[in-house]
Every structure is written in structure tokens, then in C-alpha cells.
Amino acid sequence: MLNKSFALVLALLLLSCSTPSRDEKPVVPSPYTMDIQIVWDIDTSLVDKFNKYVVDESVPRVAEFKVGKSFPQIFPGLILLSTKFAEGEKPEAMSFCYDTLSGRFYQIINRSFETDFNEIVGERFENGISEEQAFWIAACAVFMSYHPKVIVCRAADLFLEPRLRSYMNETYTPRPGRPQKEFSNLWWGWDAFPSANNDYRGLYNAYRDSIMDDDILQDIPDGTFGVPTVEKDGIYYVVTFFGLPGGASGEVHRYRLRIASDGRLHRSSSEVVFYY
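## Structural notes on the overall build of the protein chain
And step 1. When you go through the protein chain residue by residue, the secondary structure sums to 6 helices and 10 strands.
And step 2. The buried share of the protein chain, taken over its 276 residues, is 51%.
And step 3. In the protein chain, once contacts between residues fewer than 6 apart in sequence are set aside, the share between residues at least 24 apart is 62%.
And step 4. Carbon and sulfur atoms provide 47% of the accessible area of the protein chain, an area that totals close to 13400 Å².

Set out below in C-alpha cells:
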């Protein structure tokens with residue numbers, strides 16, 4: 001079921017945070033990494049199973065579960081499903097996960113995200129979590145809740161982000177037996193290939209002079225971008241990301257999450273820190 005050729009490596013996109021200069025240091029990856037794998041072949045019987053066993057008037061009937069994404073390092077067996085609802089159904093913002101190990105569905109409704117996400121966490125981490133596990137849990141929550149299209153680690157990312165999609169499409173070599181497909185603007189944030197670090201360097205070098213001369217990138221205040229951080233605060237881990245939300249909003253957001261020692265999401269926030 002799992003096609004592992006599309007492994008996400010967050011470390012490949014969590015780059016140096018310094019403001020661009022003529023003497024800018026080489027791209028430096030974050031110490032934190034995470035794999036998100038694309039699941040192409042969704043079991044077609046899941047639709048009937050979902051519509052038969054999920055009895056909740058607030059949940060519409062499903063017509064199709066399409067591609068999915070999995071998080072093997074922290075939630076083995078769990079698949080976040082891309083859902084097509086039955087014709088005429090107009091649900092509120094929600095998504096669904098399926099646990100292939102337990103055979104259970106989870107619904108994630110935007111207005112109750114923290115509660116629903118903690119249903120997934122459940123009792124998986126009764127013995128406590130490590131700093132790395134806190135990062136993985138927070139990264140899943142950011143991905144599911146806020147859907148950032150890019151993790152912003154330095155000023156150059158603001159210049160390069162609009163060019164990432166076309167660059168990836170132009171440089172990607174299709175796998176044998178799988179037709180080339182245009183990549184969405186999410187590729188750099190979450191669906192990057194293992195070569196993304198090299199891709200980034202190539203793209204950066206191609207636009208280096210333009211980046212250095214871009215007025216928007218000058219005098220950007222501190223706290224606008226940076227590699228993700230994990231800090232201990234009592235029984236909690238506080239995990240911080242900087243990213244660009246979906247759409248063409250021209251905003252940089254700071255995502256901050258508090259993860260309890262049992263892995264449960266205690267609090268999450270998204271704050272605009274810069275307009276460009």
C-alpha cells in the first residue's frame with residue numbers, strides 16, 4: 001500500500017536562518033527530521049466500511065478516499081486520507097484518518113482540532129515522550145491543522161517560494177512506470193524528495209544575485225523565520241515553526257505548539273509575524 005519513494009525529509013527544508021548577504025553561509029539543515037510518505041493505493045473497501053460504521057449526523061457520506069499520507073516514525077499504520085464526499089454533501093472543514101493496525105477511523109474537525117488530534121494520540125505514549133517525538137507529534141499537528149506550504153527558515157525562502165513549483169517540475173525525472181505529474185506548491189514544505197537539499201542549493205544559486213538585490217529581503221525583523229525549535233517547559237515541550245500558509249496571502253506565520261509529556265497536544269497557535 002505504501003509507496004515510499006516520496007519520503008518527506010523535513011531536515012532537507014529546515015535551512016539556515018541568517019539574512020542573505022554576499023558572505024552567506026552554506027545551507028545548514030535542522031537537527032530535526034521527519035518522514036511523511038504518500039500512500040497511493042487506498043483500499044477501496046474503506047469507503048463502504050466508513051459509511052456503514054461511522055454513525056454521526058455531522059459526518060457526511062464519503063464517495064471516495066483518494067491519496068493518503070502516513071507518518072511512520074510517530075504514528076505507524078495511520079493514514080491521513082484525501083476525501084471526496086458524496087454528491088450534494090456540504091460538510092464543515094474536516095478530514096479523516098484511518099489506523100490500519102486497529103481498523104479505526106478518526107475524524108478531525110477544524111473547530112475541535114486539539115480534541116480530535118488527541119484522540120489519535122490516545123494512550124500511545126504512556127511512558128512519556130522524547131524531544132524528538134515531541135517534534136514529530138508537533139509536525140503532524142502543524143501539517144494537519146495549518147497546512148503550511150513552506151517552512152520558512154531564512155529570508156531567501158520568501159524570494160524562492162513562488163519559484164519552487166516550476167523549478168521542481170522542470171528538474172524532476174519521473175519514476176519508471178509512473179507518468180510525470182505537476183507538483184503542487186506543497187512539495188517544498190511537505191512532499192520534498194531526498195535530493196531537496198541539492199535542489200534548494202541549485203535554485204538558490206540560480207537566483208543568488210536577484211536574492212541579494214531584493215529590497216523586500218533587507219531589514220526583515222528578528223523572529224520572522226528560523227529553523228524549528230523544541231524547548232522544555234516543565235512537563236511540556238514547546239515546538240515552534242515558521243511557515244507560509246496556503247494561498248497567496250503574503251504572510252509569514254509562527255506556529256507554536258505545547259506538547260504534554262504523554263504526547264497530547266495541550267495548545268497550538270498560528271500568529272502572523274511578517275507581511276511581504
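Picking up where we left off.
## Quick word on the pattern of salt bridges
And step 1. Overall, the coordinates contain 6 salt bridges when judged by the stated rule.
And step 2. A salt bridge links Arg-264 to Asp-262; the shortest N-O distance between them is 3.6 Å.
And step 3. Take Asp-262: its relative accessible area is 30%, and that puts it in the partly exposed class.
And step 4. Counted as one network, the salt bridges with shared partners bring together Glu-123, Asp-262 and Arg-264.

## Re the environment of Cys-140
And step 1. Examined against the element boundaries, Cys-140 turns out to sit in helix α3 (residues 131-145).
And step 2. For the pair Cys-140 and Ser-70, spaced 70 residues apart in sequence, the C-alpha to C-alpha distance is 9.7 Å.
And step 3. Excluding its chain neighbours within four sequence positions, the residues that come into contact with Cys-140 are Met-34, Phe-71, Ile-74, Phe-75 and Phe-117.

## Re α3
And step 1. The terminal C-alpha atoms of α3 lie 21 Å apart, and with 15 residues this matches the ideal 21 Å at 1.5 Å per residue to within 8%.
And step 2. Burial runs high along α3: 11 of the 15 residues are buried.
And step 3. By the burial criterion, the buried members of α3 are Ala-134, Phe-135, Trp-136, Ile-137, Ala-138, Ala-139, Cys-140, Ala-141, Val-142, Phe-143 and Met-144.
And step 4. Phi turns positive, to about 50 degrees, at His-147, one or two residues after α3.

## Thoughts on the packing of aromatic side chains
And step 1. Summed over all chains, the structure comprises 14 aromatic pairs.
And step 2. On the basis of an interplanar angle of 55 degrees and a centroid distance of 6.4 Å, the ring pair of Phe-75 and Phe-125 is categorised as tilted. Of this pair, Phe-75 sits in strand β3 (residues 75-85) while Phe-125 sits in the loop between α2 (113-121) and α3, placing them 50 residues apart in sequence.
And step 3. The class for Phe-125 is buried, based on a relative accessible area of 9%.
And step 4. Look at Tyr-98 and Phe-105: their rings are 4.7 Å apart centre to centre, the planes differ by 45 degrees, and that puts the pair in the tilted class. Side by side, Tyr-98 and Phe-105 carry an identical accessibility label, which is buried.

## Quick look at the nonpolar core
And step 1. Ranked by size, the top nonpolar core spans 38 residues in total, and within it Met-34, Phe-71, Ile-74, Phe-75, Phe-117, Met-144 and Phe-241 carry the most contacts.
And step 2. Core analysis: the second largest hydrophobic core is formed by 20 residues, Val-150, Ile-220, Leu-244 and Phe-274 among them.

## Describing the pairing of strand β4 (residues 94-99)
And step 1. Counted residue by residue, β4 has 6 buried out of 6 residues, so it is predominantly covered.
And step 2. Side chains Met-94, Phe-96 and Tyr-98 of β4 all project onto a buried face; the interleaved residues Ser-95, Cys-97 and Asp-99 project onto the opposite face, where all are buried too.
And step 3. Bridge count between β3 and β4: 4 bridges; the pairing is antiparallel. Looking at the pairing, Leu-78 lines up with Asp-99 of β4.
And step 4. Pairing between β4 and strand β5 (residues 104-109): 6 bridges, direction antiparallel.

## Focus: unusual backbone geometry
And step 1. Located in the positive-phi region is His-147, a residue other than glycine, with phi close to 50 degrees.
And step 2. Counting through the fold element by element, His-147 comes out in the loop between α3 and β6 (150-151).
And step 3. For His-147, a relative accessible area of 44% translates into the label partly exposed.
And step 4. Even without a glycine there, the phi angle at Asp-219 is positive, about 60 degrees.
And step 5. A relative accessible area of 77% means that Asp-219 is categorised as exposed.

## Some words on the sheet that holds β3
Paired through backbone hydrogen bonds, the strands of a sheet run either parallel or antiparallel to each other.
And step 1. Judged by pairing direction, the sheet is antiparallel, and its 5 strands sit side by side in the order β1-β2-β3-β4-β5 without closing on themselves. In this open sheet, the two strands that pair with only one neighbour each are β1 (37-39) and β5. Direction aside, neighbouring strands of the sheet carry axes that sit 30 degrees apart on average.
And step 2. Relative to strand β2 (residues 62-71), β1 runs antiparallel, the two sharing 3 bridges. Across the sheet, Gln-37 pairs through a bridge with Ser-70, a residue of β2.
And step 3. Along the sheet face, helix α1 (residues 45-53) touches β2, β4 and β5 and points at about 110 degrees away from the line of β2.

Parameters and conventions
- Residues numbered from 1 in each chain as written.
- Predicted model: local features only at pLDDT ≥ 70, side-chain atom pairs only at ≥ 80, totals over all residues.
- Heavy atoms only, no water.
- Helix = DSSP H or I, 4+ residues; strand = E, 2+ residues; numbered from the N terminus.
- Buried < 20%, exposed > 50% of the residue type's maximum accessible area, 1.4 Å probe, protein only.
- Contact = heavy atoms within 4.5 Å.
- Areas by Shrake-Rupley, 256 points an atom, 1.4 Å probe, with all protein chains shown as cover.
- Salt bridge = Lys/Arg side-chain N within 4 Å of Asp/Glu carboxyl O.
- Expected span 1.5 Å × (residues − 1).
- Phe/Tyr/Trp six-rings, centres within 6.5 Å; stacked < 30°, edge-to-face > 60°.
- Core = buried A, V, L, I, M, F, W, Y, C linked by side-chain atoms within 4.5 Å.
- Pairing = 2+ DSSP bridges.
- Axes fitted to C-alpha atoms, helices over the stretch in contact; angles between N-to-C directions.

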